[in-house]
Structure formats: structure tokens, C-alpha cells
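Residue strings, one per chain:
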Amino acid sequence: MRVVVFASGGGSNFQSLIDRFAAGAGGVVMAGLVASRETAGAIRRAETAGIPWMVAAPGGDSRGETEDEGAFLARALARLDADLVVLAGYLRLVPPQVVRGWWGRIINIHPALLPAFGGSGMYGARVHEAVVRSGVRITGATVHFVDEAYDRGPIIAQWPVPVLDGDTAASIAERVLEAEHELLPKVVAALAEGTVSLDGDGRVRWSRPWMEGRRFRADPEA
Ligand code: GRF
């Protein structure tokens, strides 16, 4: 399964996939990176790993052509021969034509337990600041299939992370990011194995209980 990652930031989730699937482990090949801006730290990680990358923006390809962003992305995915698109800290809305064309083959990772603390404007520190303000005692990470709205779409898997006394948005972000780095490669591996899929009614089906055999890490120090 050829995986293309879309990222806007530092790309630590992208790195978790590079590390897990180095040299095509589990039949997963990291086929490319689409960055939403040239300053994305993820680009450096792609270069280090020898993964092709490009910047997605109208007119943003290397030949300076101007074209619609959706058409640009669709063409890039075809050229990279992608099977799965992973949004990992991608701050642009994926154009509807790409979402429709790739329905069931685009996933997103979000640093909270959706449908809480998601949606337009809920990214980065804002998510964890809202978590602190709300007083919830559990947050976590969610991986879901992408539809046309931010952070909506069928949920594939979630991982809980406790909120502790004295936590700040930064300390929660750090703890959640660790969970993200475990959860995202597990979901990509499950999609590659075919143990999880999206049925015709838009419901996620696992052929085995998805948390089976996995320790619930209630204690962040454990
Ligand atoms: C992660 O928290 C991810 O869930 C969110 O953006 C952050 C990206 O971090 N969508 P990184 O760029 O993968 O380090």
C-alpha cells in the first residue's frame, strides 16, 4: 500500500510512519509528502528519508504552473500512485473533488477525542487550550476517514490520554502527541492488512476488536 502524507508542520507523525514502515515493512511504502507550505519541517524529514515531496498550492509545482488546487492534488496523487492519503497536521481543507475521489482512502489524525474539540479553527495549541478550559479529565487522539468538513467523517480509532492536575496546553499536547505516534502507524498497518475498512453505509468495520491485546495506558508515566 502506497501512502502519501499531507502535512503543514514539523511532521513528527509523518516521522512515526517513516520509522514504522521503513523499507516497506508490512507492505506499506511511504510514497510521498505533500506539504502545504515550503517552511513545513516535514519536508526535511522527507529529504532525509529519500521520500519525494512537493508543495501543494495553486501554481506551486516546480514548473510554476497555475492550476486549481484540487486538480493539482489529484494529479500529484496519481503520479505518486497513492493508495492511501494521511493528513498529519495538514492545515488546509482538502478540496471536495479530492475528498470525493478518495472517499475511504483519506484519513486524518486529530489531537483530541472527536467529535469533541474539533472543527474549523481547532488545531495546534487551540485544541489543548480548549481542553484545559473545559475541565475534561480525559482527552486523546482520533484517526478518522476524511469527509468534506474539518475533523468530521467516520472514526476509525481513538486513544485516551488523561488530563492531570497542573496540566497546561503544552504538557497535554506532548502527552497526546506520544499517543498519536502509537495510534497512527497502528491504523495505517490495519488498513494495509485489511483488518479495518469503510462499508457502503459509511460505517467503519474492524474484523477484530481494535484495542485487543493493547494496554490501556491510563498512567502516562507507565
Ligand atoms: C498533531 O497534533 C496532529 O494531530 C495535528 O497536528 C499536529 C501535527 O504534529 N493534526 P506533527 O506535525 O505531526 O508533529
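Refer to the preceding data block for the structure.
Residues numbered from 1 in each chain as written. Predicted model: local features only at pLDDT ≥ 70, side-chain atom pairs only at ≥ 80, totals over all residues. Heavy atoms only, no water.

Peer 1: If you had to explain unusual backbone geometry to someone new, which residues and values would you point to?
Peer 2: With an omega of 10°, the peptide bond between Leu114 and Pro115 qualifies as cis. As for its position among the elements, Pro115 is in the loop between strand E5 (106-110) and helix H5 (125-134). Despite not being glycine, Ala23 shows a phi value in the positive range, around 60°. If you trace the backbone, Ala23 turns up in the loop between helix H1 (12-20) and strand E2 (29-35). One non-glycine residue, Phe117, lies in positive phi territory at about 55°. Relative to the helices and strands, Phe117 resides in the loop between E5 and H5. (Helix = DSSP H or I, 4+ residues; strand = E, 2+ residues; numbered from the N terminus.)

Peer 1: Give me the packing of H5 against helix H6 (residues 169-193): which residues, what numbers.
Peer 2: At their nearest, the axes of H5 and H6 sit 8 Å apart, and the two run at 115° to each other. Between H5 and H6, the interaxial angle falls into the category roughly perpendicular. Considering only the axes of H5 and H6, their crossing is right-handed. Along its contact with H5, which presents Ala125, His128, Glu129, Val131 and Val132, the element H6 presents Ala169, Ile172, Ala173 and Val176. Residues that form the contact of H5 with H6 fall into these classes: seven nonpolar, one polar and one charged. (Axes fitted to C-alpha atoms, helices over the stretch in contact; angles between N-to-C directions. Parallel < 35°, antiparallel > 145°, perpendicular 65-115°, else oblique. Left-handed = near helix turned anticlockwise from the far one by under 90°. Contact = heavy atoms within 4.5 Å. Nonpolar A, V, L, I, M, F, W, Y, C, P; charged D, E, K, R; others polar.)

Peer 1: Outline the nonpolar core, supporting the account with residue identities and numerical values.
Peer 2: Of all hydrophobic cores here, the largest spans 48 residues; its most connected members are Val5, Phe14, Val86, Ile107, Ile156 and Val188. A total of 10 residues in this core trace back to one element, the largest contributor, which is H6. Ranked by size, the runner-up nonpolar core spans 21 residues in total, among them Ala31, Leu77, Leu87 and Trp102. (Core = buried A, V, L, I, M, F, W, Y, C linked by side-chain atoms within 4.5 Å. Buried < 20%, exposed > 50% of the residue type's maximum accessible area, 1.4 Å probe, protein only.)

Peer 1: Before we move on, can you summarise the pattern of salt bridges with the specific residues and values?
Peer 2: A side chain with one charge can pair with a side chain of the opposite charge if their charged atoms come near. Per the counting criterion, the structure on display carries seven salt bridges. Arg208 is paired through a salt bridge with Glu193; the nearest N and O atoms lie 3.8 Å apart. Here Arg208 is found in the segment after strand E9 (204-206), whereas its partner Glu193 is found in helix H6, with 15 residues between them in sequence. For Glu193, a relative accessible area of 54% translates into the label exposed. (Salt bridge = Lys/Arg side-chain N within 4 Å of Asp/Glu carboxyl O.)

Peer 1: Hey, could you go over the site of the ligand for me, with residue numbers and the actual values?
Peer 2: What surrounds the ligand is the set Gly9, Gly10, Gly11, Ser12, Asn13, Gly89, Ile109, His110, Pro111, Leu177 and Glu180. Take Gly10: an N or O atom from its main chain is 3.4 Å from an oxygen atom of the ligand. Within the backbone of Gly11, one N or O atom sits 2.7 Å away from an oxygen atom of the ligand. When isolated, the ligand has an accessible area of 370 Å², and the protein chains bury 79% of it. (Near = heavy atom within 4 Å. Polar contact = N/O pair within 3.5 Å; in protein donor to acceptor, adjacent residues only side chain to side chain. Areas by Shrake-Rupley, 256 points an atom, 1.4 Å probe, with all protein chains shown as cover.)

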